[in-house]
Amino acid sequence: MSYEIVMPYIGSILSENNYKYHLTKKTKPFVRMWMRDLANKVKLLEVPRSESYEVGVFGRFSDDRRPDISNLFKVISDAVQDGLEVNDKHFRLVDRGYTLGHWDPELVITVTPL
């Protein structure tokens, strides 16, 4: 069984290239809030314990100025790790693709115990 969370796509700040300050290497506050929100939503799902998980990401974007979904994996896996309380080394991350033409960009994140 897969568990689904829909999160707003808040822009390139979620990219592995932009989510931390370059000098201090600290996560930017808006990204920390987004990650905390995702972690809390994962906790509410009460995903069963497993030895490994598949974490899929599907994007719904406005136009071709979309991110490379693989660049979002670091932020998403860290947040899901906090929500599941499982080390992200047990995750298999999957790019599920994207569609264009949506007014409110969002990410559909699925967590599947394997």
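Only a predicted model underlies this, so the values are computations on that prediction, with no experimental measurement involved.

The next subject is the overall build of the protein. What the protein contains, in helices and strands, is two helices and four strands. Counted from the first residue to the last, the protein has its helices and strands arranged as β-α-β-α-β-β. Over its C-alpha atoms the protein spans a radius of gyration of 14 Å, differing by no more than 12% from the 13 Å that the globule rule assigns to 114 residues. Viewed in the frame of its principal axes, the protein has a C-alpha envelope of about 35 × 35 × 20 Å. Across the 114 residues of the protein, 39% fall into the buried class. Here the analysis covers contacts within the protein between residues at least 6 apart in sequence; of these, 80% occur between residues at least 24 apart. Entry remark: accessible area of the protein is about 6700 Å², with carbon and sulfur atoms responsible for 50%.

The next thing to look at is the sheet that holds strand 1 (residues 3-8). Judged by pairing direction, the sheet is mixed, and its four strands sit side by side in the order 1-4-2-3 without closing on themselves. The sheet is open, and its two edges are formed by strand 1 and strand 3 (91-100), each paired on a single side. The average undirected angle you get between the axes of adjacent strands in this sheet is 20°. Running at roughly 125° to strand 3, helix 2 (residues 73-84) makes contact with strand 2 (53-61), strand 3 and strand 4 (106-113) of the sheet.

Let us look at helix 2. In this model, helix 2 (12 residues) spans 16 Å end to end at C-alpha, consistent with the 16 Å of a helix rising 1.5 Å per residue. Of all the 12 residues making up helix 2, nine are buried; the element is thus mostly covered by neighbouring parts of the structure. Tucked into the core, helix 2 has its buried residues touching helix 1 (29-45), strand 2, strand 3 and strand 4. Phi turns positive, to about 60°, at Glu85, one or two residues after helix 2.

Conventions adopted
Residues numbered from 1 in each chain as written. Predicted model: local features only at pLDDT ≥ 70, side-chain atom pairs only at ≥ 80, totals over all residues. Heavy atoms only, no water. Helix = DSSP H or I, 4+ residues; strand = E, 2+ residues; numbered from the N terminus. Rg over C-alpha atoms; globule rule 2.2 N^0.38 Å. Buried < 20%, exposed > 50% of the residue type's maximum accessible area, 1.4 Å probe, protein only. Contact = heavy atoms within 4.5 Å. Areas by Shrake-Rupley, 256 points an atom, 1.4 Å probe, with all protein chains shown as cover. Pairing = 2+ DSSP bridges. Axes fitted to C-alpha atoms, helices over the stretch in contact; angles between N-to-C directions. Expected span 1.5 Å × (residues − 1).

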